[in-house]
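Examining the three-dimensional arrangement
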Amino acid sequence: MSLQQFRLDGKVALITGGNRGIGLAISQLFLQAGAKVMITGRTPTPEAEALCGDNCAWVQGDVTDPATPDRIVAATVKRFGALDILVNNAGIADNGDFHDFDDARLAAITDTNFIAPFRIARAAVKPMLAAGAGVVLNVGSISAEVANKPQLQVAYNASKAAVHQMTRVMAFEYAGRGIRVNALAPGYVVSDMTKGGIANAAWNKVWTENTPMGRFGQPEEMANCALFLCSPASSYVTGAVLTADGGYTTH
Ligand code: NAP
């Protein structure tokens, strides 16, 4: 037993949406834990640019572009010589009545939150299979398991349910080949995604009252969970969904 097992020294991680929010916190912590990190997203941020250097690089990419997955995986292997860890974190949210949720919005949610993580994991698993080792972490959501309130967001919830089930079945498929696959299911976390809802007094009240801990999560708290799931400390964990929601889904 050693605390070293919670580190990522020498490991190479690709983090989608690593430029802000939860993904940025994961990028920052993984670098502190000794990993080499390739950050990808559509738009570089000052925070992501500040991380770039010997052990961190940026590759631009819209995850909904079918050419992006192979390109960002190749860029990671080219820059750092391997791909040990994929964090499928990029995602978008949208809400509204089911009966009015049009095809364009449905496609945007599905393409970003499910099709893209599927394609990126598919691309990332290839070098992992060649190496006989790897870790995939898919960022799902408590929305995969419950209906949200007061906002209605069936497309988002269904996309995240697909991510959780993809996680379980990928874990089953690759368990014997050295690749672990897990998901992280955050509750309400402070980020650009939730800032509108947090600023909305009515939504804020419902979200807070339904979270037994009585507060929102911080991106850094999600990063701590991600580090566990991507480090050797979780060597016997695969096919799991780690919920980090201040107790939201207990009732
Ligand atoms: P956020 O602050 O809005 O960040 C979203 C990230 O996804 C950004 O880095 C963004 O990059 C990237 N992204 C979105 N669409 C993309 C695209 N088409 N191509 C490339 N990158 C794209 O959200 P967050 O709260 O950190 O969310 C991160 C993940 O956690 C998401 O999967 C989300 O569903 C999940 N989650 C969040 C919460 C929460 O309460 N915040 C709860 C449960 C689950 P750009 O800057 O380039 O747009």
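Below, the structure is looked at part by part. Note that residues are indexed from 1 along each chain, following the sequence as it is written. In keeping with the model being predicted, local features are shown solely for residues with a pLDDT of at least 70 and side-chain atom pairs are shown and tallied solely at 80 or more, while totals for entire chains, interfaces and linings include all residues. Each side-chain value is derived from all of the structure's non-hydrogen atoms; neither hydrogens nor water enter the calculation.

1. As for the layout of surface pockets
- Only protein atoms enter the 1 Å grid, on which a cavity is a set of points fitting a 1.4 Å probe that cannot get out and a pocket is an open set with protein on both sides within 12 Å along at least 5 of 7 lines, lining residues being those with an atom within 4 Å of a point. Grid points are joined across faces, edges and corners, and a volume is the space filled by probe spheres set on the points. As a volume, the largest pocket reaches approximately 940 Å³.
- Lining the largest pocket are 43 residues, with Gly91, Ile92, Ala93, Ser191 and Met193 positioned closest to its centre.
- Mapped by element, the contributors of at least two residues to the lining of the largest pocket are helix H1 (21-32), helix H5 (154-174), helix H6 (192-199) and helix H7 (201-209).
- It is H6 that contributes the most residues to the lining of the largest pocket, four residues altogether.
- Each residue receives one of three labels: charged for Asp, Glu, Lys and Arg, nonpolar for Ala, Val, Leu, Ile, Met, Phe, Trp, Tyr, Cys and Pro, and polar for the others, Gly being one of them. For the lining of the largest pocket, a count of residues per class yields 14 nonpolar, 23 polar and six charged. We count a stretch as a helix when DSSP gives it H or I for four or more residues in a row; a strand needs E for two or more, and each element gets its number in order from the N terminus.

2. With respect to the packing of aromatic side chains
- Stacked, tilted and edge-to-face are the three classes assigned to paired rings of Phe, Tyr and Trp, where Trp is represented by its six-membered ring and a pair needs centres within 6.5 Å; plane angles under 30 degrees give stacked, over 60 edge-to-face, the rest tilted. Following the criterion strictly, the structure yields six aromatic pairs and no others.
- Residues Trp203 and Trp207 carry aromatic rings whose centres are separated by 5.9 Å and whose planes lie at 50° to one another, so their mutual orientation is tilted. Residue Trp203 and its partner Trp207 are located together in helix H7, separated by four residues, close to a single helical turn.
- Residue exposure (1.4 Å probe, protein chains only): buried if accessible area is under 20% of the type maximum, exposed if over 50%, otherwise partly exposed. In this structure Trp207 comes out as buried when scored by relative accessible area, which is 3%.
- Aromatic rings pair up to connect Tyr188, Trp203, Trp207, Phe216 and Tyr248 into one cluster.

3. Observations regarding the environment of Thr249
- With respect to the secondary-structure elements, Thr249 resides in the segment after strand S7 (241-244).
- Measuring from C-alpha to C-alpha, the distance between Thr249 and Val125 comes to 31 Å, with 124 residues separating the pair along the chain.
- Within the structure, Thr249 has its side chain in polar contact with the side chain of Asp245 (distance 2.6 Å). Here a polar contact is taken to be a pair of N or O atoms separated by no more than 3.5 Å, where protein atoms must pair a possible hydrogen donor with a possible acceptor and residues adjacent in sequence count only if both atoms sit in side chains.

4. Thoughts on the nonpolar core
- What we call a nonpolar core is a set of buried Ala, Val, Leu, Ile, Met, Phe, Trp, Tyr and Cys residues that are connected through their side-chain atoms within 4.5 Å. Residues Ile26, Phe30, Ile85 and Val87 are the most contacted members of the largest nonpolar core, which totals 29 residues.
- For this core, the secondary-structure elements that each account for two or more residues are strand S1 (12-16), H1, strand S2 (36-41), strand S4 (85-88), strand S5 (134-139) and helix H8 (219-230).
- Of the residues forming this core, the biggest block, seven residues, is contributed by H8.
- Those residues in contact with Ile85 that sit more than four places away from it in its chain are Leu8, Lys11, Val12, Ala13, Leu14, Phe30, Met128, Val135 and Cys230. The contact definition used throughout considers only heavy atoms, calling two residues in contact when any of these lie within 4.5 Å.

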